[in-house]
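# Breakdown of the fold
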Amino acid sequence: MASVAWAVLKVLLLLLTQTWSPVGAGNPPDCDAPLASALPRSSFSSSSELSSSHGPGFSRLNRRDGAGGWTPLVSNKYQWLQIDLGERMEVTAVATQGGYGSSDWVTSYLLMFSDGGRNWKQYRREESIWGFPGNTNADSVVHYRLQPPFEARFLRFLPLAWNPRGRIGMRIEVYGCAYKSEVVYFDGQSALLYTLDKKPLKPIRDVISLKFKAMQSNGILLHREGQHGNHITLELIKGKLVFFLNSGNAKLPSTIAPVTLTLGSLLDDQHWHSVLIELLDTQVNFTVDKHTHHFQAKGDSSYLDLNFEISFGGIPTPGRSRAFTRKSFHGCLENLYYNGVDVTELAKKHKPQILMMGNVSFSCPQPQTVPVTFLSSRSYLALPGNSGEDKVSVTFQFRTWNRAGHLLFGELRRGSGSFVLFLKDGKLKLSLFQPGQSPRNVTAGAGLNDGQWHSVSFSAKWSHMNVVVDDDTAVQPLVAVLIDSGDTYYFGGCLDNSSGSGCKSPLGGFQGCLRLITIGDKAVDPILVQQGALGSFRDLQIDSCGITDRCLPSYCEHGGECSQSWDTFSCDCLGTGYTGETCHSSLYEQSCEAHKHRGNPSGLYYIDADGSGPLGPFLVYCNMTDAAWTVVRHGGPDAVTLRGAPSGHPRSAVSFAYAADAGQLRASVNLAERCEQRLALRCGTARRPDSRDGTPLSWWVGRTNETHTYWGGSLPDAQKCTCGLEGNCIDSQYYCNCDAGRNEWTSDTIVLSQKEHLPVTQIVMTDAGRPRSEAAYTLGPLLCHGDNFILHFPAFHGELTADVCFFFKTTVSSGQYSYLIFLAPTEVTFSFDVGNGPCEVTVQSPTPFNDNQWHHVRAERNVKGASLQVDQLPQKMQPAPADGHVRLQLNSQLFIGECWWFITEFSEIHQMKKHLLISNNSESLRHLSQDPLPAAGADPDTRRAATSGFTGCLSAVRFGRAAPLKAALRPSGTSRVTVRGHVAPMARCAAGAASGSPARELAPRLAGGAGRSGPADEGEPLVNADRRDSAVIGGNKALNDLVLVIIPGYRVRLHLKKKKKKKKKKKKKGLP
């Protein structure tokens, strides 16, 4: 009982820790006060202003002084409006207006923030959403709440688009509250050593919270160790945060040693990142920014039995006050708490618990480096060269994900040649072109497209040229020739009219970030470029590095390897058993029933019982008889012989392993409508089950490791062998032949068919003390067939990946399967909207679909785009917008046959033999909604469309892991499915027949493969499921009723289109 109470206490403590974090301690819950309205005009600045009355000081919300807002001199995408809040504040919302009484307003903009007015960072609303929606007129106010909020002193608004009939015009407000900040700075050779209170009782849990800003990509943030070499270490390695746990008897892990856990990426961007570490016994929660990992450390509770000292910033060497065993952290820590104790405050007050080593200070210096982002392959930065010198000398740093692209191009004076520095296959290459000579090439570095900062130094003079990349140097000798440096160097790309050698290479321009550029001996200041005082540029973002890791989090499923470029990512699905843009769809059918549905013969097949779930495929034999039997063989002995033994002693305990693991077996059994396993028993002078006192002498173990003492029958208490069920045992007093105890060999066939207990994993047999008794048994394979109505599959969360598969058969000219699938005589359309506007993918066929034959449809939507395939016609794809919403978040009921206003996510194919006959029933419309479309108000086209619901047969319908049509047709039990209109299960389908007419056709048969897909977390069955991790129909995280509605198909769609057309007409006329 005490252990149970202790386990409950641990869970409560972890939950408590998750709801309170010292990182945000001290900030008031009400944090939406206006911050900009009370600031002086000097706190506002901008890239330019149209006139003194259009200056940034007039940009406060709802103000009418001056010209009524800020307007730049030129309206282009390089303009910005900046606010200095005076100190770091927590910012929770922003609001915008256009210029008062004008035609000047911004329709979309970027929001950037910074601590010191340099090295700006873009705020992202979602994973791939950069822009904010702006205004549609001059005076209305558009508010946007920031989720999550951020802390900053400086904010910048960068207009992206504006009223085409006017100029950029903005008035703004920022909302938030004061932010408490305690900062400590480490210079890379310093540390804090905190000695904990040596209380007799150690704390039940340890909680460490902090924020950090890194100036370098490597360094120790914290370290704590125990008496026997066990320790915990938090270390920044190549911009990623690594949490080590070491159980002792080993040296500290090096940077190339296996790590316990890695989170985050690009964390050396000189911006703040939050960390939360929770330790409770051997349970660990590790959070970096918004990414959390929970795990259980190996070992007992003494695993984390650590000393009473913890160091921050480095690992000091014992006995030496300024020596460190590992690379120390260079950067700042903010709001550093250990179990609620403000460590920084203790250090500032020079408390005895704190020992400061090296140069530790309590202010965070602002970075002075100005990075430049090359946003597209057409971006370039043109800078003056060191003209007239007899050498070329350039240094800079870069980071990118692209394997190829131009970095630097320049022409030498007096027609003496040109040079180009570029990336190819992740290596840096330099080519020098000189008249009358073949190009001279130098290659240095490898794997430079890893997103890390790399240093480049290039020089050419008289008799040689050399390139240094990080620590890799390459030198190329030259024919003695005068190198006369040119007038202009082009970084990233070239002008459109450039004609120099190498400038028009098919590699394209560089996409990534550059910083610390020097030409000759002069450092380049990009701020002068931004102000127009130096060089020229195109499509750059100055004073910001906009690199983002598109593989964090990885959208590649099932172990697919994620790789990326500047604009997108891709998944390598090789060897995973899955396919598709995100390795979502299984290459294998779910069951032998699915293979039979496609007309495949008997044979060995791989099946994937949970579709796109976490379980892998396994090999089975499919026996295609009247039913499709899935045969899963075990690796146990073919026959087991038993002989007499002393009373109660085991004569045999045999275990059976299968070609599939426990999870695969569970999924396969749950998927099937019926499973059984046969035990063939031959016996001589033996009685089977019980001793004289009723104690079982024999038992078997099922897949859940539970012991069972029944031996046959469809139910555990039947206690009958096959002969007992059929009434033909050799002795009518018994239900099994072996129970007769005759001095002759007899046999029984025992059928175990309670599928919740199958398969058999062990059989144990003892004896009642009959020395001359003898028996032998053979356990057959696990046999399953059919598809179950109610399926136990992982929960479906289709925000990032959703798909639907089904067969249809019809003779009508048009119809609507759901709000997403529309059928026409020669085309099928997949339609959806995740927030970027309607998107449609259409497959057209040279022959009509209403041919009374079965057709297979599979539609998938993921973060990469949408795809639709019908039968064996070419797959159609629609890529997702580069900067659009990626999450499909829906919360309505699902409608099949027609929909009302919303649809739900769906996923994965599942074959079934029953079919659904659906016929029109426009009368059922009144049951759909409390606010139905009034028939009197509908236009003629909409009323005509009310007769266009889908009429025909549906088969093998899958939404997520659930089979909603099966649940609707379940012969017994409670189902969360409502049926309206005429819906009939039929062994055969006659798509053109009226209700009640005889059916004429068997199951559909198609050749070739089809996609299969589905989510990967565990959940509950569709029917009677009401927990939050249940299969989702009609919502993101809660199960709503599934409504099967047979009503007109296009009514809502046409009504919405009519509504949009009316709005457009009103806008053209200037009406509200």
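Per an unreviewed UniProt entry, the protein is named Contactin associated protein family member 3, and its organism is Pan troglodytes. According to UniProt, the comment filed for the protein under the heading Subcellular location (unreviewed entry) is "Membrane". UniProt's Sequence similarities (unreviewed entry) comment on the protein is quoted here verbatim: "Belongs to the neurexin family."

The number of helices and strands found in the protein is nine helices and 68 strands. Residue pairs in contact within the protein that sit at least 24 positions apart in sequence constitute 72% of those at least 6 positions apart. As displayed, the protein has an accessible area near 46800 Å², and 51% of this comes from carbon and sulfur atoms.

Now for helix α5 (residues 662-671). Where burial is concerned, most of α5 is hidden: eight out of the ten residues are buried. By the burial criterion, the buried members of α5 are G663, Q664, L665, A667, S668, V669, N670 and L671. Buried residues along α5 sit in contact with β43 (603-607), β44 (618-624), β45 (628-632), β48 (674-684) and β54 (782-785). For α5, the N-terminal cap is D661; the gap from its side-chain oxygen to the backbone nitrogen of G663 is 3.1 Å.

Sheet architecture is open: seven strands sit in the order β30-β29-β28-β27-β34-β25-β37, paired in antiparallel fashion. Two strands in the sheet have a free side with no partner beyond their single neighbour: β30 (440-444) and β37 (536-538). With strand direction ignored, the average angle separating the axes of adjacent strands in the sheet is 15°. Direction of pairing for strand β28 (residues 418-424) relative to strand β29 (residues 427-433): antiparallel, over a ladder of seven bridges. Each bridged residue has a counterpart across the sheet, and for L421 the counterpart in β29 is L430.

Along the polypeptide, S42 turns up in the loop between β1 (33-34) and β2 (44-46). Residue classification places S42 among the exposed positions, given a relative accessible area of 68%. Between the C-alpha atom of S42 and that of P56, which follows or precedes it by 14 residues, the distance is 8.8 Å.

A word on the layout of surface pockets. When its volume is computed, the second largest pocket comes out at roughly 1000 Å³. Of all elements in the fold, only β4 (106-114), β7 (142-162), α3 (526-530) and β38 (540-542) reach the threshold of two or more residues within the lining of the second largest pocket. In terms of residue count, β7 provides more of the lining of the second largest pocket than any other element does, four residues in total. Tallied by class, residues from the lining of the second largest pocket come to 17 nonpolar, 16 polar and eight charged.

The next point concerns unusual backbone geometry. Along the chain, Q147 connects to P148 via a cis peptide bond; the corresponding omega equals 5°. A cis geometry characterises the amide bond from L758 onward to P759, with omega recorded as 5°. Inspection of the secondary structure puts P759 in the loop between β51 (745-752) and β52 (762-766). Unlike most non-glycine residues, L266 shows phi in positive territory, near 55°. Structurally, L266 can be placed in the loop between β15 (261-263) and β16 (273-280). Residue L266 is classed as buried on the basis of its relative accessible area of 9%.

When you line up the elements, H293 lands in strand β18 (residues 291-296). Classification of H293 by relative accessible area gives partly exposed; the value is 33%. Counting along the chain gives 30 residues from H293 to L263, while the straight-line C-alpha distance between them is 8.3 Å. When near neighbours in sequence (up to four residues on either side) are disregarded, H293 contacts L261, L263, V284, N285 and F286.

In this section: a nonpolar patch on the surface. The grouping of L604, Y606 and L619 at the surface amounts to a nonpolar patch, some 300 Å² of accessible area in total. You can see L619 is positioned in strand β44. Classification of L619 by relative accessible area gives partly exposed; the value is 36%.

Enumeration according to the criterion identifies 22 aromatic pairs in this entry. On the basis of an interplanar angle of 90° and a centroid distance of 6.0 Å, the ring pair of F396 and F491 is categorised as edge-to-face. Of the two residues, F396 sits in strand β26 (residues 392-399) while F491 sits in strand β34 (residues 488-491), which places them 95 residues apart along the sequence. Residue classification places F491 among the buried positions, given a relative accessible area of 0%. With centroids separated by 5.8 Å and ring planes inclined at 50°, the aromatic side chains of Y555 and F569 adopt a geometry described as tilted. Placement of Y555 in the loop between β38 and β39 (561-564) and of F569 in strand β40 (residues 569-572) is noted, with a sequence separation of 14 residues between them.

Evaluation of the coordinates by the stated rule reveals 19 salt bridges. The salt bridge involving R41 is made with D65; its shortest N-O contact spans 3.4 Å. You can see R41 sitting in the loop between β1 and β2 and its partner D65 sitting in the loop between β2 and β3 (81-97), a full 24 residues away along the chain. A residue is classified by how much of its surface remains accessible, and R41, at 45% relative accessible area, is partly exposed. Its salt-bridge partner being E151, residue K211 comes within 2.6 Å of it at the nearest N-O pair.

To continue, consider the pairing of strand β13 (residues 230-237). Of all the eight residues making up β13, eight are buried; the element is thus mostly covered by neighbouring parts of the structure. Side chains N230, I232, L234 and L236 of β13 all project onto a buried face; the interleaved residues H231, T233, E235 and I237 project onto the opposite face, where all are buried too. Note: strand β12 (residues 219-225) against β13, six bridges, orientation antiparallel. Bridge pairing in β13 links H223 to T233.

On to empty space enclosed by the protein, then. The final tally for this structure, using the stated rule, is five cavities of 30 Å³ or more. Put simply, the largest cavity is a space of about 80 Å³. Breaking the lining of the largest cavity down by element, the ones donating at least two residues are α4 (592-597), β45, α5 and β54. Its residues placed into classes, the lining of the largest cavity shows six nonpolar, five polar and two charged.

Turning our eyes to something else, we now look at the pairing of β26. Most of β26 sits inside the fold, with seven of its eight residues counted as buried. Across seven bridges, β26 lies against strand β31 (residues 454-461) in antiparallel orientation. Bridging from a neighbouring strand, Q397 pairs with S455 of β31. Where β26 meets strand β35 (residues 512-519), five bridges bridge the pair, whose relative direction is antiparallel. Each residue of the ladder has a partner; that of R399, found in β35, is C513.

The rules behind these values
Residues numbered from 1 in each chain as written. Predicted model: local features only at pLDDT ≥ 70, side-chain atom pairs only at ≥ 80, totals over all residues. Heavy atoms only, no water. UniProt positions renumbered as here; feature names shortened; annotations may be inferred. Helix = DSSP H or I, 4+ residues; strand = E, 2+ residues; numbered from the N terminus. Contact = heavy atoms within 4.5 Å. Areas by Shrake-Rupley, 256 points an atom, 1.4 Å probe, with all protein chains shown as cover. Buried < 20%, exposed > 50% of the residue type's maximum accessible area, 1.4 Å probe, protein only. Polar contact = N/O pair within 3.5 Å; in protein donor to acceptor, adjacent residues only side chain to side chain. Pairing = 2+ DSSP bridges. Axes fitted to C-alpha atoms, helices over the stretch in contact; angles between N-to-C directions. 1 Å grid on protein atoms, 1.4 Å probe; cavity = no way out; pocket = protein on both sides within 12 Å on 5 of 7 lines; lining within 4 Å. Points joined across faces, edges and corners; volume = space filled by probe spheres on them. Nonpolar A, V, L, I, M, F, W, Y, C, P; charged D, E, K, R; others polar. Patch = residues over 30% accessible without salt bridge, like charges linked within 9 Å, V, L, I, M, F, W, Y side chains within 5 Å. Salt bridge = Lys/Arg side-chain N within 4 Å of Asp/Glu carboxyl O. Phe/Tyr/Trp six-rings, centres within 6.5 Å; stacked < 30°, edge-to-face > 60°.

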